[in-house]
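Topology and contacts: notes
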Amino acid sequence: MAAKVKNLRPLAAWAGGETLTAPPAPTWVPSWKETVLLSRRSPISLPGTPRVRSMVAVLTLTAATAVVGAPSSGATVRHRLTGLEMVQESGKVSPYEARTAHCPKGKQPVGGGFDLPEGHSVAASFPVADSGWLVKARSDNGDTTPFEMTWYAMCATPSPGYRIIKTSGVVPNRHGVGMECWNDAPPYPHYEDMVNVGGEAKGPTAALTGADMSYQPSRTYIRGFAGGARTDSDTVEVDLYVICSENSDGSADWYKEERGSYLNGDGPTWTCPRGTSSVGVGFFSWEAFLRSSKPHATGKSDWKLTGVNPSGPGYEISGNLICERY
């Protein structure tokens, strides 16, 4: 039975490594090196909220809203995502050549995806503030021939406070780095809502194996994760990007998709409930490299993923689908 947690506020702090947005952990230092603020921070924010198809956490996303006659008592003003639209671009690219689906002026990326031909898999898929959603792909057999690629951005009008944070680390293959949305600005340090995540696996032969969010019940917060793998090395450098905001009105839900098994070249189509639109997706697989992460494959509520296991006939994959009520 699905459980849904709404308007959850984190209670305990957790962070580590050298970071610009969180205090050092008192007892444990994770593998990542630094957290870099990638977009400007302003007074209020952009949230959405999570739901689960079997467990789950809170996520948030908001958009700028004019408040007429708002109370002057200092009460928190809640916001929601508005003006959601999908941008699709396509063309011929070389392996690891970056392409960005650009959001219209005044909008920020809140999700994104890609569609690649057979024999290719994703190396990077992440948000770029004030721009859109960036994608890089590789040839699975090392071929340097250019290939056709389609890349997507899900864009929305952000509220003040929308920001993207990055952290990096070198990890064993198919492991990754993690981070929370943390704000240490006055008047008090606190967790922010996590809207979505993206990642990049770096180096020759590198592929992205996961970019997802998980609920940490013991600490009551959401943690972002990104992982990768290389075929020419036992370790891989991974960048994780998290989209943060605050003060969601609860109109966006996060649905946990349980692990499923698929043949190579096939994959799940995850669908939001009636009355909602898919905004973004998270995924993780121990065996597969992702060939497609396609928003609105058959309608505005779904998201299609396709993977390939280079060492076997099939693979398992799990993740999360972010849905916004309209």
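**Observations concerning the packing of aromatic side chains**
All told, the structure shown has five aromatic pairs when counted by the stated rule. Three or more aromatic residues joined by ring pairs make a cluster, and in this case those are Phe225, Phe284 and Trp286. Lying over the aromatic face of phenylalanine 289, arginine 138 brings its terminal NZ or CZ to 4.4 Å of the ring centre.

**A closer look at the confidence of the model for the protein chain**
Here the protein chain shows a mean pLDDT of 79. Residues at 70 or above account for 75%. Overall, residues 1-73 carries pLDDT values under 50, and its contacts beyond four positions in sequence, including any with other chains, amount to 258 contacts.

**Regarding the state of the cysteines**
Tallied over the entire structure, the rule returns three disulfides. Shown here is the disulfide that connects cysteine 181 with cysteine 244, its sulfur atoms set 2.1 Å apart. Between cysteine 181 and cysteine 244 the sulfur-sulfur dihedral comes to about -85°; the bridge is accordingly left-handed. Here the residue cysteine 181 occupies a position in the loop between β10 (176-179) and β11 (182-183), and cysteine 244 occupies one in strand β16 (residues 235-245), the gap between them amounting to 63 residues.

**Observations regarding empty space enclosed by the protein**
Applying the stated rule across the entire model yields four cavities of 30 Å³ or more. Around the largest cavity sit 13 residues that line it, and Gly112, Ser125, Trp133, Val281 and Phe283 are the ones nearest its centre. Broken down by secondary-structure element, the contributors of at least two residues to the lining of the largest cavity are β5 (108-115), β13 (193-202), β14 (207-216) and β19 (276-284). A per-class count over the lining of the largest cavity returns seven nonpolar, six polar and no charged.

The rules behind these values
- Residues numbered from 1 in each chain as written.
- Predicted model: local features only at pLDDT ≥ 70, side-chain atom pairs only at ≥ 80, totals over all residues.
- Heavy atoms only, no water.
- Phe/Tyr/Trp six-rings, centres within 6.5 Å; stacked < 30°, edge-to-face > 60°.
- Lys NZ or Arg CZ within 6 Å of the ring centre and 35° of its normal.
- pLDDT = per-residue confidence, 0-100.
- Contact = heavy atoms within 4.5 Å.
- Disulfide = S-S within 2.5 Å.
- Helix = DSSP H or I, 4+ residues; strand = E, 2+ residues; numbered from the N terminus.
- 1 Å grid on protein atoms, 1.4 Å probe; cavity = no way out; pocket = protein on both sides within 12 Å on 5 of 7 lines; lining within 4 Å.
- Points joined across faces, edges and corners; volume = space filled by probe spheres on them.
- Nonpolar A, V, L, I, M, F, W, Y, C, P; charged D, E, K, R; others polar.

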